[in-house]
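# Breakdown of the fold
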Amino acid sequence: MRCFYAPETAAHDPRFFLLRGQVALNEERPRRAELLLAGLAEAGLGTEVPDTYPDDALGTVHTDRYLEFLSSAHSEWSRLPIAGPEVVANLHPAGP
């Protein structure tokens, strides 16, 4: 089995998320990645760094609208009065 791990994952450390309107501890922390890597090693599986692709390749799997959102979300969020350091969704749509 091929297993991929991007070293940038270690920097992904959100402080919280909203769970049914309540602030909850986000499980997507560096420690989770460390545990997953340890589990892979224990199973005798190594990891590979995923290949990089040109930005235009993103358009083959994502809509232009979504890519525009990703490129501007943090700067727009940061301009809000008393904005926190993380972009946190207030709404999670259930469909496309």
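Keep in mind that this is a model prediction, so the values were computed, not measured.

### Quick word on a nonpolar patch on the surface
The grouping of Tyr66, Phe69 and Leu70 at the surface amounts to a nonpolar patch, some 300 Å² of accessible area in total. Checked against the element boundaries, phenylalanine 69 lands in helix H2 (residues 64-78).

### Some points on the pattern of salt bridges
This structure, assessed with the given rule, holds five salt bridges. Of the charged contacts, one joins arginine 29 and glutamate 27 as a salt bridge, the two residues approaching to 3.8 Å between their closest N and O atoms. Looking at arginine 29, the relative accessible area reads 26%, which means it is partly exposed. Judged by its relative accessible area of 48%, glutamate 27 is partly exposed. For glutamate 34, the salt bridge identified is with arginine 31, shortest N-O distance 3.4 Å. With a gap of three residues between them, glutamate 34 and arginine 31 both fall in helix H1 (residues 30-42), about one helical turn apart. Using a relative accessible area of 43% as the deciding quantity, one classes glutamate 34 as partly exposed. Looking at arginine 31, the relative accessible area reads 48%, which means it is partly exposed.

### Notes on the environment of proline 85
Relative to the assigned elements, proline 85 resides in the segment after H2. Exposure remark for proline 85: the relative accessible area of 54% places this residue in the exposed category.

### Side note on the environment of glycine 21
Inspection of the secondary structure assignment puts glycine 21 in the loop between strand E1 (16-19) and strand E2 (22-25). Given the relative accessible area of 66%, glycine 21 is considered exposed. Residues glycine 21 and arginine 32, eleven residues apart in the sequence, show an inter-C-alpha distance of 24 Å.

The rules we used
- Residues numbered from 1 in each chain as written.
- Predicted model: local features only at pLDDT ≥ 70, side-chain atom pairs only at ≥ 80, totals over all residues.
- Heavy atoms only, no water.
- Patch = residues over 30% accessible without salt bridge, like charges linked within 9 Å, V, L, I, M, F, W, Y side chains within 5 Å.
- Areas by Shrake-Rupley, 256 points an atom, 1.4 Å probe, with all protein chains shown as cover.
- Salt bridge = Lys/Arg side-chain N within 4 Å of Asp/Glu carboxyl O.
- Helix = DSSP H or I, 4+ residues; strand = E, 2+ residues; numbered from the N terminus.
- Buried < 20%, exposed > 50% of the residue type's maximum accessible area, 1.4 Å probe, protein only.

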